[in-house]
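Read off the chains here:
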Amino acid sequence: MTEDAIIIGGGFAGLSAALQLARARRRITILDTGEPRNRFAAHSHGFLAQDGRPGRDILADARRQLAAYGTVTFRDVPAERLEGEKDAFSVVAGDGRRIEARRVLLATGFEDQLPAIPGLAERWGKTVLHCPYCHGYEVGGGPVGVLARTAEAARFAAVVADWGNVTLFTNMAPEPDDAALAVLAERNVKLRPGRVTAIADGPDGMLSVETGPGIPTLIKALFVMPEARVRSAIPAERGLTLKETPIGNILHTDDTGQTSLPGLYAAGDIALGPANISLAAANGVKTAVFLHHSLIWPAH
């Protein structure tokens, strides 16, 4: 049987989209591997009425609620390939099954590519963080760091200064220009030049950031803007148009959330770039509504 839509990815964008389509009594299949981008963080923050809850618990509640709709099917497998075109898509799942659908929504999220610095990856989601709006309040102020990867780090460090006393580790990234340096000075951001060689545990739960010979810098948390990569081979295989952002390439979508391939939509981080749970969920809702309209008005 042909589904109205297949949703690839069961995170906050994908499940929010699924709820809209389920409530429109549309037949949908959700393919998900159970590895949301925020799986490394113990708790989620900044999501209205869910502040402080583990992200996995919120998603588990969402799945239980969606399971009550008779037109929803969950398959805990990845999507290996997308074939066909609008009104006649075919998704080959990781278990070999082929699922037919009129529309497809990509909501796979990103996989974060961290700098190859010893000690960094194992602290990701704990004391090495990516979003001050999500985790900055819990750090509690005091000395914090920002690790530069691109020239955008200066802007990021100036923002993070609302959550602590910031040291910007330039880590061989392009140096801030004069205008950026003026803002950093106004925000009391210190610059630490040189390559970061290691992250280690310091005294009293602090992080020790080593930048070569000398005394390491002690901070409570290190904020990083990792390179984000779309967690799916489908965009490359189908030649989708991409859009460059400070964190990496995202999928180009029109105002309805449709990608450059008619009938294929995208929602969440991979369509927004820098985002959080609230934005991803809202974008999933918006995109699902437009996808639903396209089933009724084929020209859309």
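You'll find the structure just up there.
Criteria and cut-off values
- Every chain is numbered on its own, with residues counted from 1 as its sequence reads.
- In keeping with the model being predicted, local features are shown solely for residues with a pLDDT of at least 70 and side-chain atom pairs are shown and tallied solely at 80 or more, while totals for entire chains, interfaces and linings include all residues.
- Based on all heavy atoms of the structure, the side-chain values leave hydrogens and waters out of the count.
- Two strands form a pair only when DSSP identifies at least two bridges running between them.
- Numbering of helices and strands starts at the N terminus; helices are DSSP runs of H or I of at least 4 residues and strands are runs of E of at least 2.
- The contact criterion used is simple: two residues touch if any of their non-hydrogen atoms lie within 4.5 Å.
- In this description, a line fitted to the C-alpha atoms serves as the axis of each element, helices being fitted only across the stretch in contact, and the angle between N-to-C directions of two axes falls anywhere from 0 to 180 degrees.
- A simple rule labels every residue: compare its accessible area, found with a 1.4 Å probe on the protein chains alone, to the largest value its type can have, and call it buried under 20%, exposed over 50%, or partly exposed in between.
- By convention in these notes, a salt bridge is any Lys or Arg side-chain nitrogen within 4 Å of a carboxyl oxygen on Asp or Glu.
- If the strands point away from the viewer and the path from the first strand over the helix to the second runs clockwise, then the crossover is right-handed.
- Note that the term roughly parallel is reserved for angles under 35 degrees, roughly antiparallel for angles over 145, roughly perpendicular for angles of 65 to 115, and oblique for everything else.
- Left-handed describes a crossing whose near helix is turned anticlockwise from the far helix by less than a right angle; the clockwise case is right-handed.
- Ten residue types, Ala, Val, Leu, Ile, Met, Phe, Trp, Tyr, Cys and Pro, are classed as nonpolar, four, Asp, Glu, Lys and Arg, as charged, and the remainder, Gly among them, as polar.

This next bit is on the sheet that holds strand β9 (residues 143-147). Across the sheet, five strands lie side by side as β8-β15-β9-β10-β11; this open sheet has parallel pairing. The outermost strands of the open sheet, each flanked by one partner alone, are β8 (128-129) and β11 (190-192). Helix α3 (residues 132-139) rests against β8, β9 and β15 (222-224) of the sheet, and its axis sits at about 175 degrees to β15.

One can find Lys286 in helix α8 (residues 277-296). Accessibility expressed as a relative area gives 45% for Lys286, which makes it partly exposed.

Here we come to the environment of Gly34. Tracing the backbone shows Gly34 in the loop between β2 (28-31) and α2 (55-67). Along the backbone, Gly34 and Gly257 are 223 residues apart, and their C-alpha atoms lie at a distance of 24 Å.

This next bit is on the pattern of salt bridges. Summed over the entire model, instances satisfying the criterion amount to 16 salt bridges. Arg53 is the salt-bridge partner of Asp61, the closest N and O atoms lying 3.1 Å from each other. Of the residues examined, Asp61 reaches a relative accessible area of 23% and is grouped as partly exposed. You can call Arg53 partly exposed: its relative accessible area is 27%. Arg98 is paired through a salt bridge with Glu83; the nearest N and O atoms lie 2.5 Å apart. Of this pair, Arg98 sits in strand β6 (residues 98-106) while Glu83 sits in strand β4 (residues 79-85), placing them 15 residues apart in sequence. Here Arg98 falls in the partly exposed class, since its relative accessible area comes to 42%. Since its relative accessible area comes to 29%, Glu83 is described here as partly exposed. Three or more residues are tied together by salt bridges with common partners; here these are Asp32, Arg63 and Asp76.

With that settled, the discussion passes to the pairing of strand β10 (residues 165-169). Counted residue by residue, β10 has four buried out of five residues, so it is predominantly covered. Direction of pairing for β9 relative to β10: parallel, over a ladder of five bridges. Among the inter-strand pairings, Val146 is bridged to a residue of β10, identified as Leu168. For the crossover that starts at β9, traverses helix α4 (residues 153-160) and ends in the parallel β10, the hand is right-handed. Direction of pairing for β10 relative to β11: parallel, over a ladder of three bridges. Following the sheet pairing, Phe169 is matched in β11 by Arg192. At this point the chain moves from β10, through helix α5 (residues 178-186), to the parallel β11, and the crossover so formed is right-handed.

As a further point, take the packing of α4 against α5. Look at α4 against α5: their axes get within 9 Å of each other, and the N-to-C directions meet at 15 degrees. Taken together, the axis directions place α4 and α5 in an arrangement best described as roughly parallel. Viewed along their axes, α4 and α5 form a crossing whose handedness is left-handed. On α5, the residues touching Ala154, Ala157 and Ala158 of α4 are Ala180, Val183 and Leu184. Split into classes, the residues belonging to the contact of α4 with α5 amount to six nonpolar, no polar and no charged.

Scope: geometric values only; no functional claims are made or implied.
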